[in-house]
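Okay, here's what each chain looks like letter by letter:
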Amino acid sequence: MSAPAGARIRDRLRLSTCDAEVLRIVGDHLGGHARADLAERVRIGMVSAQQNRRAERKRALTTVSSSRWAGAITRTSDDQYQLSLRCLLDERTSLRRTVAKIRRRLAIPCGSRVSGVRGYPSRAERAQKQRRVQILDARLAEVERRITAGHPAIVVGGRKLATSRHHLTAAGLTATQWRERWDAHRLFLTADGESGAPYGNYTITVEPSDGTVAIVLPEPLRHLANTPRGRYRLACTVTFSHRRDEWLDRITANRSVRYDIVCDPVRGRWYLDASWSTPTAVLPTPAGLAATGARLLAVDLNAGHLAACVVDVHGNPVGPPITIPTDLTGPTSRRDGHLRQAISELIRLARHHGCAGLAIENLGFADARATGRETMGRGKRGKTFRRTVAGLPTARFRDRLAGMAHHAGLVVVAVDPAYTSRWGAQHWKQPLQQQSKTAIATGHHAAAVAIGRRALGHGIRRRPGVTARDQRIVARRATGQTALVPRARGTASPPRTTGTPDPGDKTCRDRSDQLAPFPVPQDRSGRRPAMPVGSDGADIGPHR
């Protein structure tokens with residue numbers, strides 16, 4: 001997986017009452033103009049970057065703010081528009097997939113099955129699905145209309161918070177509390193960085209020596225300035241304990257740093273966020289990892305826990321299987337904290353076992369979630385399974401792990417998840433249990449071994465008759481392995497195996513012989529590909 005493209009750190013602003021009031025005034029002033037510019041950008045529609053009239057909009061905003069504030073506002077409006085348009089396109093794809101799936105099942109009579117498509121079991125459920133597909137068609141038509149017009153619906157402050165205004169009792173809020181949150185989410189206090197500017201940002205400047213913060217006020221609010229040149233200096237300071245050295249290196253070299261001032265009305269706190277882009281790191285390939293002889297910590301993400309196993313360069317599990325519990329219930333902040341704690345434990349284990357990186361599955365349940373009611377079972381059991389799948393934080397886990405592992409100097413390899421659970425349980429569950437004396441090996445740990453082997457470029461499935469782990473206890477050798485027999489004096493060829501005898505000269509076309517010139521490839525279905533007629537004997541030499 002690619003390394004993070006940027007970094008973001010946060011520190012708390014312990015504002016006085018006067019400073020908080022000034023920031024609210026500035027944020028309300030800039031927020032109003034930012035919303036007006038966003039509305040203008042939506043009216044322009046889906047055009048190229050040369051035709052979005054950004055220069056014209058920036059000139060109009062400069063008269064009521066400043067040139068740099070106007071540039072940040074127009075840039076934010078364009079980014080928000082593009083993000084909303086991508087969300088519309090994703091929603092259209094999801095609706096089309098869901099409608100197509102339901103229509104395929106509606107075309108089959110009740111209780112029947114044609115070409116692998118099963119009809120609905122009862123007429124009542126079929127009637128409900130007919131009504132549902134009509135509702136989805138209406139939603140799809142509305143989305144198509146918005147995409148064609150290039151006018152996505154954007155709610156500054158959040159649609160969920162706007163909707164809760166009509167259901168304050170259910171949201172557990174009073175009108176005053178709702179208004180505080182609504183106003184806080186609609187503030188605009190974002191200043192883009194500028195290389196060559198003092199300390200990387202002219203609009204919001206942080207002194208590296210003492211941590212004081214100064215803000216350039218918009219033109220109509222210059223009367224609130226307490227320092228020369230229309231600036232307002234806050235009474236508090238910031239330190240940025242996390243990644244402070246990187247931040248200091250950038251601002252002392254006058255490299256661009258973006259600052260965002262954020263208000264949290266629930267806690268009654270203000271924060272200053274600093275962010276910047278990082279150079280693209282060249283990551284090693286799986287083949288390069290295998291060539292270095294490094295280990296990998298293979299991880300299988302499941303509901304309620306992470307199953308992990310250390311895999312060496314040859315694809316063999318090392319040590320006992322590992323289970324890390326994850327309680328991903330409760331509010332978003334709690335779930336995110338528990339996920340970060342689990343990832344921190346994975347990184348600690350990887351360092352402890354001398355692993356060069358981590359291997360995970362490149363999971364994505366977007367398709368399954370879109371058609372979950374049609375493909376993930378029915379009734380109470382199906383609903384429980386769909387809820388479990390929806391609760392797996394696949395994308396968040398992948399992104400968090402990539403960022404935290406990169407800062408820890410570890411590589412993250414994401415592999416194809418096909419057949420890892422099935423083949424892992426079939427080929428690696430029993431050997432794992434035989435190897436582990438204290439921990440119980442499950443199918444999830446076996447799937448982790450399969451993930452690690454695939455990340456290193458090895459096949460998942462094992463050959464029949466693999467050599468036993470302890471030769472003093474179990475006398476069993478792998479099929480196709482060289483026997484421990486001393487070579488006869490005067491012979492040039494190695495001794496043959498104790499398995500199937502070779503009728504040929506120097507090579508053997510038998511699949512179990514390790515001297516076969518070309519290994520048999522492995523496909524997802526588990527079947528061996530058909531060999532071309534006449535290719536086995538004609539290409540490898542004559543047979544007697």
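Residues numbered from 1 in each chain as written. Predicted model: local features only at pLDDT ≥ 70, side-chain atom pairs only at ≥ 80, totals over all residues. Heavy atoms only, no water.

1. Some points on the confidence of the model for the protein chain
Reasoning step 1: Per-chain confidence: the protein chain averages 83 in pLDDT, with 82% of residues scoring 70 or above.
Reasoning step 2: Within the protein chain, the lowest mean pLDDT, 40, falls on helix 18 (residues 535-540), and the highest, 96, falls on strand 8 (residues 258-264).
Reasoning step 3: Predicted confidence is poor over residues 479-483, with pLDDT under 50, and the contacts of this stretch with residues over four places away or in other chains come to 16 contacts.
Reasoning step 4: Predicted confidence is poor over residues 496-544, with pLDDT under 50, and the contacts of this stretch with residues over four places away or in other chains come to 52 contacts. (pLDDT = per-residue confidence, 0-100. Helix = DSSP H or I, 4+ residues; strand = E, 2+ residues; numbered from the N terminus. Contact = heavy atoms within 4.5 Å.)

2. Some thoughts on helix 17 (residues 443-455)
Reasoning step 1: Look at helix 17: 18 Å from first C-alpha to last across 13 residues, which is about the 18 Å you get at 1.5 Å a residue.
Reasoning step 2: With 10 of 13 residues buried, helix 17 lies mostly within the body of the structure.
Reasoning step 3: What helix 17 keeps buried is the set His445, Ala446, Ala447, Ala448, Val449, Ala450, Ile451, Gly452, Arg453 and Ala455.
Reasoning step 4: Once helix 17 finishes, Gly457 follows within two positions and takes phi at roughly 90°, a positive value. (Expected span 1.5 Å × (residues − 1). Buried < 20%, exposed > 50% of the residue type's maximum accessible area, 1.4 Å probe, protein only.)

3. Examining the sheet that holds strand 6 (residues 212-216)
Reasoning step 1: One open sheet accounts for 3 strands, arranged 5-6-7; its pairing is antiparallel. Two strands in the sheet have a free side with no partner beyond their single neighbour: strand 5 (204-206) and strand 7 (231-237). Recorded for the sheet is a direction-independent mean angle of 20° between the axes of neighbouring strands.
Reasoning step 2: Sheet topology places strand 5 next to strand 6; 3 bridges connect them, and they run antiparallel. Note that in strand 6 the partner of Ile204 across the bridge is Ile215.
Reasoning step 3: Against the sheet, helix 1 (residues 17-44) contacts strand 6 and strand 7, and its axis sits at roughly 135° relative to strand 7. (Pairing = 2+ DSSP bridges. Axes fitted to C-alpha atoms, helices over the stretch in contact; angles between N-to-C directions.)

4. Side note on the packing of helix 15 (residues 420-427) against helix 17
Reasoning step 1: In contact at an axis separation of 7 Å, helix 15 and helix 17 are set at 110° when each is read in the N-to-C sense. Viewed along their axes, helix 15 and helix 17 adopt a mutual orientation that is roughly perpendicular. Where helix 15 abuts helix 17, its residues Thr420, Ser421, Trp423, Gly424 and Ala425 lie against Ala446, Ala447, Ala450, Ile451 and Arg454.
Reasoning step 2: Considered class by class, the residues forming the contact of helix 15 with helix 17 number 6 nonpolar, 3 polar and 1 charged. (Parallel < 35°, antiparallel > 145°, perpendicular 65-115°, else oblique. Nonpolar A, V, L, I, M, F, W, Y, C, P; charged D, E, K, R; others polar.)

5. Remarks on helix 10 (residues 332-352)
Reasoning step 1: For helix 10, built from 21 residues, the straight-helix expectation of 30 Å at 1.5 Å per residue is met to within 8% by its first-to-last C-alpha distance of 30 Å.
Reasoning step 2: Along helix 10, the residues classified as buried are Asp336, Leu339, Ala342, Ile343, Leu346, Ile347, Leu349 and Ala350. Each buried residue of helix 10 lies within a common arc of 160° when the element is viewed along its axis, so the set occupies one face. Turned more than 90 degrees away from the buried face of helix 10, the exposed residues are Ser333, Gln341, Arg351 and His352.
Reasoning step 3: Summarising the contacts, the buried residues of helix 10 are in contact with strand 10 (295-302), strand 11 (305-311), strand 12 (317-325), strand 13 (355-361) and helix 14 (394-407). (Arc of directions from axis to C-beta.)

6. Describing the pattern of salt bridges
A side chain with one charge can pair with a side chain of the opposite charge if their charged atoms come near.
Reasoning step 1: On inspection of all chains with the given rule, the structure shows 26 salt bridges.
Reasoning step 2: Taken together, the shared-partner salt bridges in this structure form one network comprising Arg8, Arg10, Arg258, Asp260 and Asp273. (Salt bridge = Lys/Arg side-chain N within 4 Å of Asp/Glu carboxyl O.)

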